[in-house]
Amino acid sequence: MEDKKYTNERESVPLTSLLDCRTVVERKDYVSTGVLTYAEGDLLEVEIAEYQDFELGESVKITIYSPVGIHILQSSVIAKYEGAILIIHPPNHQSKFEDKRKYPRIATNKGGHILKIVRHEDLFVLDEPLSFNLSNISLEGIGFMLPKTELFSIHTRFHGELDLGYRFPCIFMIVRKQVSEEGIFYGAELLEVSEEYERNLRAFILKQQIENHYEMMKSKIKTAK
């Protein structure tokens, strides 16, 4: 629970205002201090010398001393590597900050395919599934590429499946498109996602975000050497 006496209540401040701020990480009978170096989606990264003293899945109390106030939240350690730990950024704390997207889209190299197309409320089954490569994904939508020969208009709806390491049946609607040399990029909104599949999707996105961040940090370390 946040201490209202010390927390600045200004609304709609950017999440980036927390970056490079002194951050205290507490667990039972142990306190360590680091710096918040990453804040995006469901993840926060704290650079901390005592990273080895924290266990995966361990509950921690985080106190961030920022220019926009003192922020206190309860979370858990979800990953760690040399010099840093990753913790889950609770949705109730995320909601305190402005974000152009309610659900940030996460880069992924997974795929999927279209099985049916909805035209004038009629459902047409394709003779063969139309495969595509995912560019990004969020709880509310996907971005994917198709060849220029596969031209669809805004608001076209599809029935298809995503391959996320498991079968994810879905309905999605095109909300934007952009032509490039590689093909046509489509941004689509996911429709009618059940609570069960939303939980599965949330877990996949979190896992993908951790993997992306880990690869980014490996690349930085390699470049620095």
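Each residue is numbered by its place in its chain's sequence as written, counting from 1. Only residues with pLDDT of 70 or above have their local features reported here, since the model is predicted, and side-chain atom pairs are shown and tallied only from 80 upward, although totals for entire chains, interfaces and linings are computed over all residues. The basis for every side-chain value is the complete set of non-hydrogen atoms in the structure, without hydrogens or water.

Asker: Sorry, what's going on with the overall build of the protein here?
Answerer: For helices the rule is a DSSP run of H or I covering at least 4 residues; for strands it is a run of E covering at least 2, with both sets numbered from the N terminus onward. For the protein, the count of helices and strands is two helices and 15 strands. The cut-offs for exposure are 20% and 50% of the maximum accessible area for each residue type, with area from a 1.4 Å probe on protein chains only; residues under the lower value are buried, those over the upper are exposed, and the others partly exposed. A buried classification covers 44% of the 225 residues belonging to the protein. We call two residues contacting when some pair of their heavy atoms lies within 4.5 Å. Pairs at least 24 residues apart make up 58% of the contacts formed inside the protein by residues separated by at least 6 positions. In the structure as shown, the protein presents an accessible area of about 13100 Å², 50% of it carried by carbon and sulfur atoms. Reported accessibility uses the Shrake-Rupley method at a 1.4 Å probe radius. Residues are deemed covered only where the shown protein chains occlude them.

Asker: Help me out: how do you make sense of the packing of aromatic side chains in this one?
Answerer: The description of an aromatic ring pair rests on the distance of the ring centres and on the angle between the ring planes. Only the six-membered ring of Trp is used, alongside the rings of Phe and Tyr, when aromatic pairs are assigned; centres must lie within 6.5 Å, and planes under 30 degrees apart are stacked while those over 60 apart are edge-to-face, with the rest tilted. Here the structure, examined in full by the defined rule, presents eleven aromatic pairs. Each ring, one from phenylalanine 132 and one from phenylalanine 144, has its centre 4.6 Å from the other, and the planes form 40°; the classification is tilted. Within this pair, whereas phenylalanine 132 is found in strand β11 (residues 122-137), its partner phenylalanine 144 is found in strand β12 (residues 141-146), the two being separated by twelve residues in sequence. Of the two residues, phenylalanine 132 and phenylalanine 144, both sit in the buried class. Within the aromatic cluster, the residues linked to one another by ring pairs are Phe132, Phe144, Phe152, Phe158, Phe172 and Tyr186. A positively charged side chain is recorded as over a ring if its NZ (Lys) or CZ (Arg) lies within 6 Å of the ring centre. The angle to the ring normal must also be within 35 degrees. The residue whose ring lies beneath arginine 22 is tyrosine 65, and the NZ or CZ to ring-centre distance is 4.3 Å.

Asker: What am I meant to see in the pairing of strand β7 (residues 84-88) here?
Answerer: For a regular strand, side-chain orientation follows a simple rule: the groups alternate between the two sheet faces. Burial analysis of β7 places four of its five residues in the buried class, which makes it a mostly covered element. Here strand β4 (residues 43-47) pairs with β7 via five bridges, running antiparallel. The residue of β7 that forms the bridge with leucine 44 is isoleucine 87. Note on pairing: DSSP must find at least two bridges between two strands before they are called paired. In terms of strand pairing, strand β6 (residues 69-81) meets β7 through four bridges, oriented antiparallel. Counted as the bridge partner of tyrosine 81 is alanine 84 from β7.

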